[in-house]
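# What the coordinates show
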Amino acid sequence: MRKVYSWRWGFYIAGLIIMALGIAMVIKGEEIGVNAWDVLHIALYKTIGLSIGSWVIITGLIIVAFTSLMYKSFPKIGTWLNMLLTGVFIDFFYWLLPEAENFFFQLIYFLIGIFVLSFGTGMYISPNLGSGPRDGLMMWIVEKLGGSIKVARMSIELIVAVIGWILDGPFGIGTVIIAVGSGYIVQFALPYFQKLLLKCIGEEAMEGEKPFIH
């Protein structure tokens, strides 16, 4: 059993780190555009201060508090780790990565970043140890208002992106590309990492588990 949990948590933490690296790369190419939530995070960073990762954590805390009150239950530890580690590692990689000196390098950061963050997302989801705060909000809206996950997610991200844009966040064509394209990459990456995880721990160890799908 210890081996099973070690592998599952290993996939989860590694996936979060890879996802944060991809997010930081996309942010380095922000002239192209960043994902919807980071439009808001960057706008708050530029307007108020702190750091981008700090705003990832702060907005996550607000969402977790809201969904906890609505569900009247405490989130899984994976949700807390998702929020905290993603923010910390985004700041670390944003500090570590060199600045993009021109549009070409920003484009390279953006394109590679999309694939890295999408594969990281698929990897962290694969062990089914808890969704991120924003995914929890999405699922609450689906349960309360009906409709599909896709519509709920697109609606939330549209509202968040518009708010971020009004606050002078970097909304661009890349924001649309990420919204449309990253899901396809995650759709490929998730089953790949699920199969890889099963090879490491054995299929019986994940029997009865239902993976969280974006």
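See above for the structure.
These lines cover the structure that appears in this document, whether it is placed above or below.

### A few points about the packing of helix 1 (residues 2-28) against helix 5 (residues 103-125)
One can describe the packing of helix 1 onto helix 5 by two numbers: an axis separation of 7 Å at closest approach and a directional angle of 160°. Looking at the two axes, helix 1 sits roughly antiparallel to helix 5. Once helix 1 is placed against helix 5, the crossing between them reads as left-handed. Each residue belonging to the contact of helix 1 with helix 5 can be placed in one class, and the counts come to 18 nonpolar, six polar and one charged.

### Looking at the environment of I166
Structurally, I166 can be placed in helix 7 (residues 149-166). For I166, a relative accessible area of 61% corresponds to the exposed category.

### Side note on the side chain of E30
Among the secondary structure elements, E30 is positioned in the loop between helix 1 and helix 2 (36-47). A residue is classified by how much of its surface remains accessible, and E30, at 16% relative accessible area, is buried. In this structure, E30 is in contact with I42, K46, Q106 and P170, ignoring residues within four places of it in sequence.

### Some words on the pattern of salt bridges
Considering all chains together, one arrives at two salt bridges under this definition. Taking the shortest distance from any N to any O, the salt bridge between K46 and E30 comes out at 3.1 Å. Of the two residues, K46 sits in helix 2 while E30 sits in the loop between helix 1 and helix 2, which places them 16 residues apart along the sequence.

### Points about helix 8 (residues 173-201)
Here helix 8 is 29 residues long and its end C-alpha atoms lie 41 Å apart, about the 42 Å a rise of 1.5 Å per residue gives. Taking the largest bend as the criterion, helix 8 deviates by roughly 35°, centred on G181.

### What about the environment of S51?
Among the secondary structure elements, S51 is positioned in the loop between helix 2 and helix 3 (52-71). When the C-alpha atoms of S51 and S155 are compared, they prove to be 26 Å apart, with 104 residues separating the residues in sequence. Discounting chain neighbours no more than four positions away, the residues touching S51 are Y45 and D91. In terms of polar contacts, S51 uses its side chain to reach the side chain of D91, at 2.5 Å.

Conventions adopted
Residues numbered from 1 in each chain as written. Predicted model: local features only at pLDDT ≥ 70, side-chain atom pairs only at ≥ 80, totals over all residues. Heavy atoms only, no water. Axes fitted to C-alpha atoms, helices over the stretch in contact; angles between N-to-C directions. Helix = DSSP H or I, 4+ residues; strand = E, 2+ residues; numbered from the N terminus. Parallel < 35°, antiparallel > 145°, perpendicular 65-115°, else oblique. Left-handed = near helix turned anticlockwise from the far one by under 90°. Nonpolar A, V, L, I, M, F, W, Y, C, P; charged D, E, K, R; others polar. Buried < 20%, exposed > 50% of the residue type's maximum accessible area, 1.4 Å probe, protein only. Contact = heavy atoms within 4.5 Å. Salt bridge = Lys/Arg side-chain N within 4 Å of Asp/Glu carboxyl O. Expected span 1.5 Å × (residues − 1). Bend = angle between axes of the 7 residues up to and from the residue. Polar contact = N/O pair within 3.5 Å; in protein donor to acceptor, adjacent residues only side chain to side chain.

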